[in-house]
Amino acid sequence: MTNVSNRSNLDISAYFVVGPENTKNRPVAPIIKDVVDAGYTCIQIRSKTASALELIELTKEAADVIEKAGRADEVTLLVDDRLDVVLAAKKMGIKIDGIHVGQSDIPVEICRAYLGEDAVIGLSARTHDLFDYIKTADVSLIDYFGAGPLHETETKPDCGTGADGKVITRSFEELAELAKASSIPIVVGGGVKLADIPQLAETGVDGFFVISAISEADNPRAEAEKLIEAWKENYKRKKV
Ligand SMILES: Cc1ncc(COP(=O)(O)OP(=O)(O)O)c(N)n1
Ligand SMILES: Cc1ncsc1CCOP(=O)(O)O
Ligand SMILES: [Mg+2]
């Protein structure tokens, strides 16, 4: 396996997040293969139910799929939340590029200290909080922001909940503002479906991420292709 870092050429334009609880009892690896073959640039292994060992195995399967497709230098492979899993997988020789963390996960400073300068580190926050974050925080430790939700989603019902417990979704206008304000790339997810892609791509954010639109589809490959094609057709480069 190669050991090239994907940090310097990170592309979050088409980003698939998946775990065994998302695939309607189908194995995860063939769906990752569909997505890699469709041209996706980022894969995140995310499971709230799998054991550490299962997560390492899934990460290995994903890395193998990416390597066999000849796309190891183009497709970034990340694990959600689990710094222990990333470290273990790296130690076992699996080509894993980094981690995605949220506001209540292991702080990015700690992730960076353990994973080193070559690792990709993504951070998510509610879109509104990101406006403050961008203004006040040192973003040099982070490679991209995960923002959302665009819509309420059964895949992560707590995503974007406000103080009253209600989910606050984000408008395309807000996302366009965020894209302009941020010095690092932004990927948007949460309930994203094919019909959203044209408008989302026009906001100037750097990519979309999905789980269920692909992982629950009867034909994941066909769905993955439709999403990425719609993105490419409609994407406008962020104004500087
Ligand atoms: C690309 C991307 N963006 C956001 C998230 C959500 O992260 P987090 O808020 O930590 O929630 P969990 O995914 O851990 O439930 C993500 N995973 N990926
Ligand atoms: C992991 C995550 N983070 C914010 S929303 C979300 C779930 C997105 O899943 P779906 O694409 O099925 O709505
Ligand atoms: Mg998290």
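Residues numbered from 1 in each chain as written. Chains lettered and ligands numbered in written order. Predicted model: local features only at pLDDT ≥ 70, side-chain atom pairs only at ≥ 80, totals over all residues.

Put simply, the rule is: UniProt positions are given in the numbering used here, feature names are shortened, and annotations may be inferred rather than shown by experiment.
Taking an unreviewed UniProt entry as the reference, the chain is identified by name as Thiamine-phosphate synthase belonging to Methanimicrococcus stummii. If you open the UniProt record of the chain and go to Pathway (unreviewed entry), you find "Cofactor biosynthesis; thiamine diphosphate biosynthesis; thiamine phosphate from 4-amino-2-methyl-5-diphosphomethylpyrimidine and 4-methyl-5-(2-phosphoethyl)-thiazole: step 1/1." UniProt, in the comment section headed Function (unreviewed entry), describes the chain in these words: "Condenses 4-methyl-5-(beta-hydroxyethyl)thiazole monophosphate (THZ-P) and 2-methyl-4-amino-5-hydroxymethyl pyrimidine pyrophosphate (HMP-PP) to form thiamine monophosphate (TMP)."

## Brief notes about the overall build of the chain
For clarity, the threshold we go by: Helix and strand labels come from DSSP, where a helix needs a run of H or I of at least four residues and a strand needs a run of E of at least two; each type is numbered from the N terminus. Radius of gyration here is computed from C-alpha atoms only, and the compact-globule reference equals 2.2 Å multiplied by the residue count raised to the power 0.38. Note on burial: count the other C-beta atoms lying within 10 Å of the residue's C-beta; 20 or more is buried, 12 or fewer is exposed, in between is partly exposed, and C-beta positions come from the backbone.
When you go through the chain residue by residue, the secondary structure sums to nine helices and eight strands. Taking 2.2 N^0.38 as the reference for a compact globule, 240 residues should give roughly 18 Å; the C-alpha atoms of the chain span a radius of gyration of 16 Å, in line with that estimate. Its C-alpha atoms give the chain principal-axis dimensions of about 45 × 40 × 35 Å. Going through the 240 residues of the chain one by one, you find that 43% of them count as buried.

## Details of the site of ligand 2
Note the threshold: For each residue, a C-beta atom is placed from the backbone, and the residue counts as near a molecule or strand when that atom lies within 6 Å of it. Under the convention adopted here, Pro, Cys and the residues Ala, Val, Leu, Ile, Met, Phe, Trp and Tyr are nonpolar, Asp, Glu, Lys and Arg are charged, and Gly plus all remaining residues are polar.
In the vicinity of ligand 2 lie 15 residues, with T153, T155, G190, I211 and S212 positioned nearest. Taken together, the residues of the shell around ligand 2 sort by class into seven nonpolar, seven polar and one charged.

## Details of the environment of P198
Convention followed: Residues are defined as contacting one another if the C-beta atoms placed from their backbone atoms lie within 7 Å.
Here P198 shows up in helix 7 (residues 197–202). C-alpha separation for the pair P198 and A230, spaced 32 residues apart in sequence, amounts to 6.3 Å. In this view, P198 contacts A230 and N234; residues no more than four positions away in its chain are not counted.

## Comments concerning the pairing of strand 1 (residues 14–18)
Here is the rule we go by: Whether two strands pair depends on DSSP finding at least two bridges between them.
For strand 1, a buried count of five out of five residues is recorded, marking the element as mostly surrounded by other parts of the structure. Residue alternation in strand 1 divides its side chains into two sets, A14, F16 and V18 and Y15 and V17, and both sets are buried. Strand direction decides the pairing type here: strand 1 and strand 8 (residues 207–210), joined by three bridges, are parallel. Across the sheet, the residue bridging to F16 is V210, located in strand 8.

## Description of the nonpolar core
Stated precisely, the cut-off is as follows: Only buried residues count toward a nonpolar core: Ala, Val, Leu, Ile, Met, Phe, Trp, Tyr and Cys, linked into one set through C-beta atoms within 7 Å.
In terms of nonpolar packing, the biggest core is built from 63 residues, with Y15, V35, Y40, V188 and F208 touching the most fellow members. Looking at this core, the element that brings in the most residues is helix 2 (residues 52–68), giving seven residues.

## Brief notes about the site of ligand 1
In the neighbourhood of ligand 1, 17 residues make up the surrounding shell, with H100, G102, S124, G146 and F209 lying closest. Every element with two or more residues in the shell around ligand 1 is listed here: strand 1, strand 4 (98–101), strand 5 (120–124) and strand 7 (186–189). Taken together, the residues of the shell around ligand 1 break down into five nonpolar, seven polar and five charged.

## Points about the UniProt feature "domain: Thiamine phosphate synthase/TenI" (unreviewed entry) in the chain
If you check UniProt for "domain: Thiamine phosphate synthase/TenI" (unreviewed entry), the listed places come out as residues 15–214 in our numbering. The annotated region residues 15–214 carries 36% helix and 17% strand content, and the separation between its end C-alpha atoms amounts to 11 Å.

## Description of unusual backbone geometry
In this structure, P149 follows G148 across a cis peptide bond, with omega equal to 0 degrees. Relative to the elements of secondary structure, P149 occurs in the loop between strand 6 (144–147) and helix 6 (172–181). Its identity as a non-glycine residue notwithstanding, K24 has a phi of 55 degrees, on the positive side. Looking at the element boundaries, K24 is found in the loop between strand 1 and helix 1 (28–37). K24 gets classed as exposed once you count the C-beta atoms within 10 Å, which come to 11. With a phi angle near 70 degrees, D81 is a residue other than glycine that sits in the positive phi range. Here D81 shows up in the loop between strand 3 (76–80) and helix 3 (83–91).

## Regarding the pairing of strand 7
Formally: Note on handedness: a crossover is taken as right-handed if, strands pointing away from the viewer, the path from the first strand over the helix to the second is clockwise.
Side chains I186 and V188 of strand 7 all project onto a buried face; the interleaved residues V187 and G189 project onto the opposite face, where all are buried too. Taken together, the three bridges between strand 6 and strand 7 define a ladder with parallel strand orientation. Residue pairing in the sheet places G146 in a bridge with V187 of strand 7. In this fold, the crossover linking strand 6 to strand 7 by way of helix 6 has right-handed handedness. In the sheet, strand 7 pairs with strand 8 via three bridges, with the strands oriented parallel. Bridging across to strand 8, V187 finds its partner in G207. Handedness of the crossover joining strand 7 and strand 8 through helix 7 is recorded here as right-handed.

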